[in-house]
Amino acid sequence: MFGSLSHFTEDTSAFDVPSRRLEHSSDRDLQRAEGSCRVVLGGSEKGTRVMDVYQKTPIRVLFPKSAGNQVQEAVLVNTAGGVTGGDRLQSSVTALEDAFIVTTQAAEKLYRALDEPAHIRTTLMACDAAKLAWLPQETIVFNRARICRRTEIEVSSGSQLLALEWLVLGRAAYGEKISAGSITDTWRVRKDGRLAWADTFRATDDVFSHLSRKALLSDCTAIATLLYFGPEPEARLQSIRDQAASFGCHCRATLLGGLVIARFAATASYELRAALRNLLQRLGEQPASGPFRVPKMWLC
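Computed from a predicted model, the values in this text were never measured in an experiment.

Caption draft 1: Structural context of the overall build of the protein chain. Within the protein chain one finds four helices and 17 strands. Per-residue burial over the protein chain gives 48% buried out of 300 residues. Put simply, 73% of the contacts in the protein chain that link residues at least 6 apart link residues at least 24 apart. Only carbon and sulfur atoms are counted for the fraction: they give 51% of the accessible area of the protein chain, which is about 15600 Å².

Shown next as structure tokens:
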């Protein structure tokens, strides 16, 4: 009896083989998500009209109704619950008329990858007199995550657009710090078909250990870029600069090619969220602000 038990115990080492193989596998060998959505918005006598919607799992598009039974926001949902290496997600939003906000249901989570980056691509287009606000919630980057995110924007003279993207490096509640991985966050903005602004934030394995230097992110773990295009850019720029001291985090803004570009950096995600909400609330209090306000989903 004891001999047979000893023999069984020795044979259990065979179960370690698959786990050892998994350590050396690739994201290409595993099932990964390829989702996309397309939303085209127009106007009507009753307000914004959804002209076209396409969605492919795991991305879903919801249109919660507000007071007066009107649709004023679109909410993107990732039913996969997060993003990992090898995933490919694409979102396209076109505003032909009227005013609209597009946000996300919750913070997006980027999980550890084996060897392939996840690809997230967002395409925004504001035509003619349309007002479009792209205001997703934060993206949380787990240790050893790999992500290539690209935001492409096309604006026309007479349109207005407010676009935000923000990153949280590590889960503060778990004391997590990013020691390895890869982040490439790219913006391309075109005005009337011509390139107006190009920007890329990139950090790879060897860089993360240096991000805490004062010349880089110092002790900040949450960063954001906010872009505005529309009338009176100088006034918008000065308004952000006047408010910067009250945000409780680092904030700098500049005007380039008719675009107001604001950068934020905070030591914690809740500080950055508070600063962004503060700014959006003040934008929403201004006359004819349209969709430039705090999305209702942020308050849930």
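Caption draft 2: Geometry of helix α4 (residues 269-284). Helix length check: α4 (16 residues) gives 22 Å between terminal C-alpha atoms against 22 Å at 1.5 Å per residue, within 8%. Taken together, the buried residues of α4 touch β12 (160-169), β15 (222-229), α3 (233-243) and β17 (259-266).

Caption draft 3: Up close: the packing of aromatic side chains. For the structure shown, the criterion picks out five aromatic pairs. Aromatic pair W166 and W298: ring centres 5.8 Å apart, planes at 40°, arrangement tilted. Of this pair, W166 sits in strand β12 while W298 is found in the segment after α4, placing the two residues 132 residues apart along the sequence. By the burial criterion, W166 is buried, and W298 matches it.

Caption draft 4: Expanded view of unusual backbone geometry. The omega torsion of the bond from T57 to P58 falls at 15°, within 30 degrees of zero and hence cis. One can find P58 in the loop between β2 (47-56) and β3 (59-62). The backbone of D192 shows a phi angle near 50°, a positive value even though the residue is not glycine. Examined against the element boundaries, D192 turns out to sit in the loop between β13 (182-191) and β14 (194-204). For D192, a relative accessible area of 44% puts it in the partly exposed group.

Caption draft 5: Broad picture of α3. Those residues of α3 that fall on the buried side of the exposure criterion are P233, R236, L237, I240 and Q243. The buried residues of α3 occupy one face: seen down the axis, they fall within an arc of 135°. Turned more than 90 degrees from where α3 packs its buried face, E234 and D242 sit exposed. Buried residues belonging to α3 abut β12, β15, β16 (250-256), β17 and α4.

Caption draft 6: Main features of the sheet that holds β13. With mixed pairing, the seven strands of this open sheet are ordered in space as β2-β1-β5-β8-β11-β13-β14. Only two strands of the sheet have a single partner each, and these edge strands are β2 and β14. Each strand axis lies, on average, 10° off the axis of its neighbour in the sheet, ignoring direction. Pairing of strand β8 (residues 118-126) with strand β11 (residues 146-155), which is carried by nine bridges, proceeds in the parallel orientation. Residue pairing across strands places T122 opposite T151, the latter belonging to β11.

What counts, and where the lines are drawn
Residues numbered from 1 in each chain as written. Predicted model: local features only at pLDDT ≥ 70, side-chain atom pairs only at ≥ 80, totals over all residues. Heavy atoms only, no water. Helix = DSSP H or I, 4+ residues; strand = E, 2+ residues; numbered from the N terminus. Buried < 20%, exposed > 50% of the residue type's maximum accessible area, 1.4 Å probe, protein only. Contact = heavy atoms within 4.5 Å. Areas by Shrake-Rupley, 256 points an atom, 1.4 Å probe, with all protein chains shown as cover. Expected span 1.5 Å × (residues − 1). Phe/Tyr/Trp six-rings, centres within 6.5 Å; stacked < 30°, edge-to-face > 60°. Arc of directions from axis to C-beta. Pairing = 2+ DSSP bridges. Axes fitted to C-alpha atoms, helices over the stretch in contact; angles between N-to-C directions.

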